[in-house]
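Secondary and tertiary structure notes
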Amino acid sequence: MVSTLSGGPRVEGIVEPTIMWSDACDLGDLARLHKGHETYADSLTLGAGWSDRWTATWRFGRTPVTCSVRNLAEVEAFRSQPVRRFTWRTGQWHRPGLEYLVSTDRHHGFESFEEELLLLMADFAADLVEALAQPFRLECLTSAGVVKHTPDYLLLTESGPWLIDVRPAARIRPEDEVKFAASAEAALAAGWNYSVVTGWRQHIVSIVDTLSAGRRDLADQLGLDEQLLRAAASGPLPFGELVEHCSYPAIARAHALHLLWHRRLGVDMSAPLADSSLVRLAADTRRCGGEP
């Protein structure tokens, strides 16, 4: 059995719920997760002692360190560096870059637009502590021989490590499925979650991108945060109506985005963000008595 991001698999063709509150969702709720690799587990050589024979190579400075998969969870991942360098050159097809994350207060590398989106979503919904790009090179045994694979990210979160590969569904080939199946087994042996993210549920990218405008620190000299929280405490309100309860509605819009990003407010993510979108006091705030 292969573990996945919490929230269960999200694949194309599945009927999605009519409402999803941003303050209560996690990365698994937002993502479309690929499960096809599970059927390729038979291609792996998983006899007695397999986790001692499979290896993972990390980088610490200029020194590569190789360990068995059995000891994968004992590695001090925080100290590691990407095992493969990011490259920038004229004419390349993929688009690498750096994404700033509020969770870590620094920039993280990505190799494609899809990976950049993963970092943004993880910053918003994954209780992120650290994001490690290309954390290690896995060397495993399959029925076809030795296979090597470098997973895209290891996300260290409050709920535990999540090993993730990012690949659009149309670009997944049979040889990729074997590598994903191997990564899933390695993650399971380490007590980690594993998933292949192929995309995002409808409306999610535009909503989270909009909310990210309010992710940085925001001075509140007019007391608008408190006004928004008190208005939302009376029950879910349309976004446009919520900001009208404030003394400066135009400025309150920016503060509402800030509170939504930081999950002190929640918005319905099942439809595009608009003035008609329902906004509520976040679940954690309600449990604390509704105090700002």
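Residues numbered from 1 in each chain as written. Predicted model: local features only at pLDDT ≥ 70, side-chain atom pairs only at ≥ 80, totals over all residues. Heavy atoms only, no water.

Side note on the overall build of the chain
Counting secondary structure elements, the chain contains nine helices and 14 strands. For the chain, with 292 residues in total, the buried portion stands at 52%. Pairs at least 24 apart in sequence give 63% of the contacts found in the chain among residues at least 6 apart. When the accessible surface of the chain is summed, it comes to about 13,900 Å², and 51% of that surface belongs to carbon and sulfur atoms. (Helix = DSSP H or I, 4+ residues; strand = E, 2+ residues; numbered from the N terminus. Buried < 20%, exposed > 50% of the residue type's maximum accessible area, 1.4 Å probe, protein only. Contact = heavy atoms within 4.5 Å. Areas by Shrake-Rupley, 256 points an atom, 1.4 Å probe, with all protein chains shown as cover.)

Focus: the packing of aromatic side chains
Note on aromatic pairs: each is described by the distance of the centres and the angle between the planes. A full pass over the atoms with the stated rule returns four aromatic pairs. Ring geometry for Phe-124 against Trp-261: centres 5.2 Å apart, planes inclined by 50°, an arrangement best described as tilted. Of this pair, Phe-124 sits in helix α3 (residues 113-125) while Trp-261 is found in helix α8 (residues 249-261), placing the two residues 137 residues apart along the sequence. Phe-124 gets classed as buried once you look at its relative accessible area, which sits at 4%. Centre to centre, the rings of Phe-136 and Trp-192 are 6.3 Å apart; their planes meet at 50°, and the pair counts as tilted. Of the two residues, Phe-136 sits in the loop between β6 (128-133) and β7 (137-142) while Trp-192 sits in the loop between α4 (174-190) and β11 (193-200), which places them 56 residues apart along the sequence. Residue class for Phe-136 comes out buried when judged on its relative accessible area of 0%. Ring pairing ties together the aromatic residues Trp-58, Phe-136 and Trp-192, which thus form one cluster. (Phe/Tyr/Trp six-rings, centres within 6.5 Å; stacked < 30°, edge-to-face > 60°.)

Concerning the pattern of salt bridges
If you walk through the whole model with that rule in mind, you get 13 salt bridges. The partner of Arg-79 in a salt bridge is Glu-76, with the nearest N and O atoms 3.7 Å apart. Judged on exposure class, the residue Arg-79 and its partner Glu-76 are both exposed. One salt-bridge network, held together by shared partners, links Arg-167, Arg-173, Glu-175 and Asp-176. (Salt bridge = Lys/Arg side-chain N within 4 Å of Asp/Glu carboxyl O.)

Structural notes on α3
Here α3 is 13 residues long and its end C-alpha atoms lie 18 Å apart, about the 18 Å a rise of 1.5 Å per residue gives. Within α3, eleven of the 13 residues are buried, leaving the element largely enclosed by the surrounding structure. Where α3 ends, the next residue or the one after it, Asp-127, has phi of about 50°, a positive value. (Expected span 1.5 Å × (residues − 1).)

Focus on the environment of Arg-201
Mapping Arg-201 onto the fold places it in the loop between β11 and α5 (204-211). Taking the C-alpha atoms as reference, Arg-201 lies 5.9 Å from Ala-31; in sequence the two are 170 residues apart.

Quick word on the sheet that holds strand β9 (residues 153-157)
Either a parallel or an antiparallel arrangement is found when strands of a sheet pair, and the pairing is made through backbone hydrogen bonds. Pairing is mixed in the open sheet, where five strands are placed in the order β1-β11-β10-β9-β6. The open sheet is flanked by β1 (31-34) and β6, the only strands paired with a single partner. The sheet shows a mean angle of 35° between the axes of neighbouring strands, taken without regard to direction. Of the strand pairs in this sheet, β9 and strand β10 (residues 160-166) are connected by five bridges, and their pairing is antiparallel. The residue of β10 that forms the bridge with Leu-155 is Trp-162. (Pairing = 2+ DSSP bridges. Axes fitted to C-alpha atoms, helices over the stretch in contact; angles between N-to-C directions.)

Digging into the pairing of strand β4 (residues 97-101)
The buried fraction of β4 amounts to four of the five residues, a majority that puts the element mostly inside the structure. By the bridge criterion, five bridges tie β4 to strand β5 (residues 106-110) in an arrangement that is antiparallel. Following the sheet pairing, Leu-101 is matched in β5 by Arg-106. The turn linking β4 back onto β5 is made up of four residues, and Asp-105 within it adopts a positive phi angle of 60°.

Describing the nonpolar core
Core analysis: the largest hydrophobic core is formed by 52 residues, its most contacted members being Leu-27, Leu-30, Phe-124, Leu-155, Trp-200, Leu-265 and Met-269. For Trp-200, the residues in contact, after removing those within four places along its chain, are Leu-27, Leu-30, Ala-31, Arg-32, Leu-117, Leu-118, Met-121 and Val-205. If you look at the next biggest cluster of nonpolar residues, it comprises 31 residues, including Leu-44, Leu-156, Ile-172 and Phe-180. (Core = buried A, V, L, I, M, F, W, Y, C linked by side-chain atoms within 4.5 Å.)

Focus on the packing of α3 against α5
Interhelical geometry of α3 versus α5 gives an angle of 65° and a closest axis separation of 10 Å. Here α3 runs over α5; the crossing is left-handed. Listed contacts from α5 to Leu-117, Leu-120, Met-121 and Phe-124 of α3 are Ile-204, Val-205, Val-208, Asp-209 and Leu-211. A breakdown of the residues in the contact of α3 with α5 according to their chemical character gives eight nonpolar, no polar and one charged. (Left-handed = near helix turned anticlockwise from the far one by under 90°. Nonpolar A, V, L, I, M, F, W, Y, C, P; charged D, E, K, R; others polar.)

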